[in-house]
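# Structure at a glance
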Amino acid sequence: VWLMEELYRRHGGTAGLEVNPALGTVTLNFDPGFPVDAWVRHVERFGYQFGPSHGRQAARTDALAMRLGVCAALTVNVMLFSLSFYLGLSAADGDVFPLFVWLGLALSTATALIGGWPFFSAALRGLRTGVLHLDLPIALGIALVWSVSVAQTVSGRGHLAYLDTLNVFITLMLLGRWLQARLVARNRRMLLDDDGADGLWVRRLEGTGLRSVCA
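What counts, and where the lines are drawn
- In this numbering scheme, every chain counts its residues from 1 along its sequence in written order.
- Where totals are concerned, whole chains, interfaces and linings use all residues; where local detail is concerned, this predicted model gives features only for residues with pLDDT of at least 70, and gives and counts side-chain atom pairs only at 80 or more.
- The side-chain numbers reported here are obtained from all heavy atoms of the structure, hydrogens and water having been left aside.
- Axes here refer to lines fitted to C-alpha atoms; in helices the fit is confined to the stretch in contact. Angles between the N-to-C directions go from 0 to 180 degrees.
- We count a stretch as a helix when DSSP gives it H or I for four or more residues in a row; a strand needs E for two or more, and each element gets its number in order from the N terminus.
- Take the far helix as your reference; a near helix turned counterclockwise from it by less than a right angle gives a left-handed crossing, and one turned clockwise gives a right-handed crossing.
- It only takes one pair of heavy atoms within 4.5 Å for two residues to be counted as in contact.
- Residues are grouped as follows: Ala, Val, Leu, Ile, Met, Phe, Trp, Tyr, Cys and Pro are nonpolar; Asp, Glu, Lys and Arg are charged; all remaining types, including Gly, are polar.
- The residues that make up patches have over 30% relative accessible area and no salt bridge, and they are joined within 9 Å when like-charged or within 5 Å when they are Val, Leu, Ile, Met, Phe, Trp or Tyr.
- In short, Shrake-Rupley with a 1.4 Å probe defines the accessible areas, and a residue's cover is counted only from the protein chains shown.
- Throughout this description, the term salt bridge denotes a Lys or Arg side-chain nitrogen within 4 Å of a carboxyl oxygen of Asp or Glu.
- Between the rings of Phe, Tyr and Trp (Trp by its six-membered ring), a pair exists once the centres lie within 6.5 Å; its type follows the angle of the planes, with under 30 degrees stacked, over 60 edge-to-face, and the other angles tilted.
- Per-residue accessibility, obtained with a 1.4 Å probe over protein chains only, is compared with the maximum for each type, and a residue is labelled buried under 20%, exposed over 50%, and partly exposed between these values.
- Joining through side-chain atoms within 4.5 Å is the link that ties buried Ala, Val, Leu, Ile, Met, Phe, Trp, Tyr and Cys residues into a set, and such a set is a nonpolar core.

### Overview of the packing of helix 1 (residues 2-10) against helix 2 (residues 36-44)
Viewed as axis vectors pointing N to C, helix 1 and helix 2 meet at an angle of 145°, and their least axial separation amounts to 10 Å. In this structure, the crossing between helix 1 and helix 2 has a hand that is right-handed. Contacts between helix 1 and helix 2 involve Met-4, Leu-7 and Tyr-8 on the former and, on the latter, Trp-39, His-42 and Val-43. For the contact of helix 1 with helix 2, the residue count by class is 5 nonpolar, 1 polar and no charged.

In structure tokens:
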């Protein structure tokens with residue numbers, strides 16, 4: 001909601017914007033000179049779609065579900081490796097110790113790349129357009145924890161790395177993002193399935209010059 005309102009303000013909007021995240025609807029009030037197309041394109045760069053684009057929304061939800069499933073499987077394995085360290089596995093136990101350490105790092109790197117990509121890409125898009133939002137601290141947290149864990153592993157203290165925490169954090173963030181996308185997709189289908197493009201309507205307020213669009 002904040003992102004759409006901020007972009008609305010940056011494009012010179014002053015008449016008012018109402019966002020209902022539960023229903024996935026936006027009511028946009030604007031003066032005749034407001035660049036509606038530019039605002040819509042700017043918002044859609046962050047992954048939000050306007051209008052009856054069911055296929056694209058479903059594809060995005062499916063991609064998140066696939067990432068979530070892969071990261072959950074990787075997280076379970078990393079947790080098993082970490083459990084062995086909590087139960088006393090150390091360098092004195094021979095080759096199994098470095099094997100578990102490096103396997104844990106390799107799987108965690110895969111988790112960071114696969115599960116962290118939605119947050120990294122959104123954070124980069126925000127930086128390019130000068131909009132700082134929630135995905136930036138999430139991406140920074142993933143990158144910092146992974147970097148510290150790599151440094152601990154290289155220095156021979158891999159059992160002290162935060163790999164289990166990193167994997168659980170990424171998986172939970174992905175779960176939240178997938179639930180949000182699934183809820184919005186479901187509500188959008190209920191609102192747009194029967195109406196199609198006719199579900200988008202424009203109302204002109206006589207005497208004020210304002211126009212209102214519901215999408």
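### Considerations on a nonpolar patch on the surface
A contiguous nonpolar patch, built from Val-76, Leu-80, Leu-83, Tyr-86 and Leu-87 and spanning about 570 Å² of accessible area, is present on the exposed surface. Turning to its location among the elements, Tyr-86 is positioned in helix 3 (residues 54-86).

### Details of the packing of aromatic side chains
The final tally for this structure, using the stated rule, is 4 aromatic pairs. Relative to Phe-34, the ring of Tyr-8 has its centre 5.3 Å away and its plane inclined at 50°; by these criteria the two rings are tilted. Of this pair, Tyr-8 sits in helix 1 while Phe-34 sits in the loop between strand 2 (25-30) and helix 2; the two residues are 26 residues apart in sequence, bridging distant segments of the chain. For Tyr-8, a relative accessible area of 5% corresponds to the buried category. Grouping aromatic residues by their ring pairs yields a cluster made of Tyr-8, Phe-30 and Phe-34.

### As for the nonpolar core
Counting 14 residues, the largest nonpolar core has Leu-7, Leu-17, Leu-28 and Trp-39 as the members making the most contacts within it. Those elements giving two or more residues to this core turn out to be helix 1, strand 2 and helix 2. In contact with Leu-17, not counting residues within four places along its chain, are Met-4, Glu-5, Tyr-8, Val-26, Thr-27, Leu-28 and Trp-39. In terms of nonpolar packing, the next biggest core, distinct from the first, is built from 12 residues, Leu-68, Ala-112, Ile-142 and Trp-178 among them.

### Brief notes about the pattern of salt bridges
A side chain with one charge can pair with a side chain of the opposite charge if their charged atoms come near. With the rule as written, the count across this model stands at 3 salt bridges. Measuring nitrogen to oxygen at the nearest pair gives 2.5 Å for the salt bridge that ties Glu-6 to Arg-9. With Glu-6 and Arg-9 both in helix 1 and 3 residues apart, this pair spans about one turn of that helix. Between Arg-177 and Asp-135 there is a salt bridge; the shortest N-O distance is 2.5 Å. A residue pair is termed long-range when its members are at least 10 positions apart, and Arg-177 in helix 6 (residues 163-192) and Asp-135 in helix 5 (residues 135-154) qualify at 42 residues.

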